[in-house]
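Here's the letter readout for the chains.
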Amino acid sequence: MRATLIYGRGDVRVEEVPDPVLREPTDAIVRVTRACVCGSDLHRYRGMDPVDEGLRIGHEFMGVVEETGADVESVRPGDVVLVPFLWCDNSCDFCRDGLHGSCRNGGRWAVGGLDGGQGEAARVPQADGTLVKLPVGADDPVIPSVMALSDVLPTGHHAAVTAGVGKGSTVAVIGDGAVGLCAVLSAARLGAERIVLLGRHRARTDLGRRFGATDVVPGRGAEAVAAMREATGGDGIPHVLECVGNTEAFETALGGVRDGGTISRVGVPQYAQARMDFDVFMRNLTITGGVAPARRYVPELLAEVLDGTITPGEVFDLSVSLDDIADGFRAMNDREALKVLVRP
């Protein structure tokens, strides 16, 4: 079968790889019908995570079950399924605590010889715990919004939940990428009264307004911090959702959050150290976030996607074939596209 491999900075190729096969009785083979390019995929594309050889890539996908292991009970061949960005058993003590990223029997895609999502098919370990059976066809018009459930919507939702956003909250969202926009959508869904979106790209912030942002701040650094504080009479914003993952974004969050407030970090961190000095200590901040337990959130969010209450699929503004996926990477890297949908 064909699959995407990344060889280093700007070097994405589609090559022939071995077809996936069942290895454990808890496995399933899924024929991929849609995949995505994630902002975190761009880390390797930009050379942040050097590679010595071609590596499989992709962790957001859905498809049709083609084969199941002997112990798989929840899905069968022909079922249309969503595949969250982490695989898990959805039953261990960590999963029961909503910590699917710490699943005792789980892991990540395209690691340790496992297939990535940007290919024609994939072996899915722990199929009963991982796969979400869908009540719609693989080409239903709602599929782009369903695909957002594989990663970006649960991640934005995780930011809002862990930051304690609720009815009447004042929220800042740092970042106008797909995760940031889904964080806006999630904050609005949870009842936030005021949502300040920090972003500089007009098409994206316009979508953010449609998702529920009440204010847009195009500045960065000190300018952004000043705007966050001015929005609250100088005190700062109680709930800050950091959806970028770089040092500047975290510093902006620290500068703009209200004393006693919460910063939720869900952008994949591109830094190893962060400021946690005495001044930060004195402010009684809560710093939370981390990897989203997508499998935990999907059932709740899927219902609202299917009935049209929320339309996170609007973040997809470019669709490419698997053969043209390198163009999708380039477009996202050059900010010509917000989020790329891939059709193998």
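Structure first, text after, so check above.
Residues numbered from 1 in each chain as written. Predicted model: local features only at pLDDT ≥ 70, side-chain atom pairs only at ≥ 80, totals over all residues. Heavy atoms only, no water.

Asks: Provide a residue-level description of the overall build of the chain, including the pertinent values.
Replies: A tally of regular secondary structure across the chain gives 12 helices and 18 strands. Since a compact globule built from 344 residues should have a radius of gyration of about 20 Å, the 20 Å found for the chain is in line with a globular shape. Seen through its C-alpha atoms, the chain measures out along the principal axes to roughly 60 × 40 × 40 Å. Split into buried and exposed, the 344 residues of the chain put 53% on the buried side. Put simply, of all contacts in the chain between residues at least 6 apart along the chain, 68% involve residues at least 24 apart. For the chain, the exposed surface amounts to about 14,500 Å²; the carbon and sulfur share of it is 46%. (Helix = DSSP H or I, 4+ residues; strand = E, 2+ residues; numbered from the N terminus. Rg over C-alpha atoms; globule rule 2.2 N^0.38 Å. Buried < 20%, exposed > 50% of the residue type's maximum accessible area, 1.4 Å probe, protein only. Contact = heavy atoms within 4.5 Å. Areas by Shrake-Rupley, 256 points an atom, 1.4 Å probe, with all protein chains shown as cover.)

Asks: Any details on the layout of surface pockets? Residues and values, ideally.
Replies: Approximately 150 Å³ is the volume found for the second largest pocket. Across the lining of the second largest pocket, the residue classes tally to 4 nonpolar, 6 polar and 5 charged. (1 Å grid on protein atoms, 1.4 Å probe; cavity = no way out; pocket = protein on both sides within 12 Å on 5 of 7 lines; lining within 4 Å. Points joined across faces, edges and corners; volume = space filled by probe spheres on them. Nonpolar A, V, L, I, M, F, W, Y, C, P; charged D, E, K, R; others polar.)

Asks: Break down the sheet that holds strand β16 (residues 286–289) for me, citing the residues and quoting the values.
Replies: Taken in spatial order, the 6 strands of this open sheet run β13-β12-β11-β14-β15-β16, and their pairing is parallel. At either end of the open sheet lies a strand with only one pairing partner, and these are β13 (215–217) and β16. For this sheet the average axis-to-axis angle between neighbouring strands, irrespective of direction, equals 20°. When strand β11 (residues 170–174) meets strand β14 (residues 237–242), the two strands line up parallel, connected through 4 bridges. Directly across from valine 171, in β14, lies its bridge partner histidine 239. Across the sheet, helix α6 (residues 178–189) is in contact with β11, β12 (194–198) and β14; its angle to β12 comes to roughly 175°. Across the sheet, helix α9 (residues 247–256) touches β11, β12, β14, β15 (257–265) and β16, and the angle it forms with β15 is around 155°. (Pairing = 2+ DSSP bridges. Axes fitted to C-alpha atoms, helices over the stretch in contact; angles between N-to-C directions.)

Asks: Outline the sheet that holds strand β4 (residues 55–56), listing residues and values.
Replies: Read across the sheet, 3 strands follow the order β2-β1-β4 without closing on themselves; strand pairing throughout is antiparallel. Edge strands, defined here as strands with exactly one partner in the open sheet, are β2 (11–16) and β4. Relative to β2, strand β1 (residues 2–8) runs antiparallel, the two sharing 6 bridges. For leucine 5, the partnering residue across the bridge sits in β2 and is arginine 13.

Asks: Talk me through the packing of helix α5 (residues 152–162) against α6; I want residue IDs and the actual numbers.
Replies: Put simply, α5 and α6 touch, their axes get as near as 7 Å, and they point 55° apart. With respect to α6, the element α5 is oriented oblique. The interaxial crossing formed by α5 with α6 has right-handed handedness. Note on element contacts: α6 touches α5 through Ala178, Val179, Cys182, Ala183, Leu185, Ser186, Ala187 and Arg189, opposite Val152, Leu153, Thr155, Gly156, His157 and Ala160. Residue classes in the contact of α5 with α6 are distributed as 9 nonpolar, 4 polar and 1 charged. (Parallel < 35°, antiparallel > 145°, perpendicular 65-115°, else oblique. Left-handed = near helix turned anticlockwise from the far one by under 90°.)

Asks: Would you mind going over the packing of aromatic side chains in detail, with residue names and values included?
Replies: Scanning all chains against the criterion turns up 4 aromatic pairs. Taken together, a centroid distance of 5.5 Å and an interplanar angle of 35° make the contact between tyrosine 45 and phenylalanine 329 tilted. In this pair, tyrosine 45 sits in helix α1 (residues 41–45) while phenylalanine 329 sits in helix α12 (residues 325–333), placing the two residues 284 residues apart along the sequence. Taking relative accessible area as the criterion, phenylalanine 329 reaches 0% and is therefore assigned buried. Stacked on the ring of tyrosine 7, the Lys or Arg arginine 13 has its end atom at 3.6 Å from the ring centre. Just above the ring of phenylalanine 250 sits the side chain of arginine 265; from NZ or CZ to the centre is 5.7 Å. (Phe/Tyr/Trp six-rings, centres within 6.5 Å; stacked < 30°, edge-to-face > 60°. Lys NZ or Arg CZ within 6 Å of the ring centre and 35° of its normal.)

Asks: Explain the pairing of strand β17 (residues 318–321) to me, and be specific about the residues and the numbers.
Replies: Sheet topology note: the β17/strand β18 (residues 340–343) ladder contains 4 bridges and is parallel. Opposite serine 321, over in β18, you have arginine 343 as the bridge partner. Crossover handedness for the path β17 to α12 to β18: right-handed. (Right-handed = clockwise from strand over helix to strand, strands pointing away.)

Asks: I'd like to hear about the pattern of salt bridges, residue by residue, with values.
Replies: This structure, assessed with the given rule, holds 23 salt bridges. Note that aspartate 11 and arginine 13 form a salt bridge whose closest N and O atoms lie 2.8 Å from each other. A salt bridge links aspartate 277 to arginine 275; the shortest N-O distance between them is 3.4 Å. Residue aspartate 277 is classed as partly exposed on the basis of its relative accessible area of 31%. Assessed through its relative accessible area of 31%, arginine 275 is described here as partly exposed. (Salt bridge = Lys/Arg side-chain N within 4 Å of Asp/Glu carboxyl O.)

Function-wise, these values are silent; they only describe arrangement.
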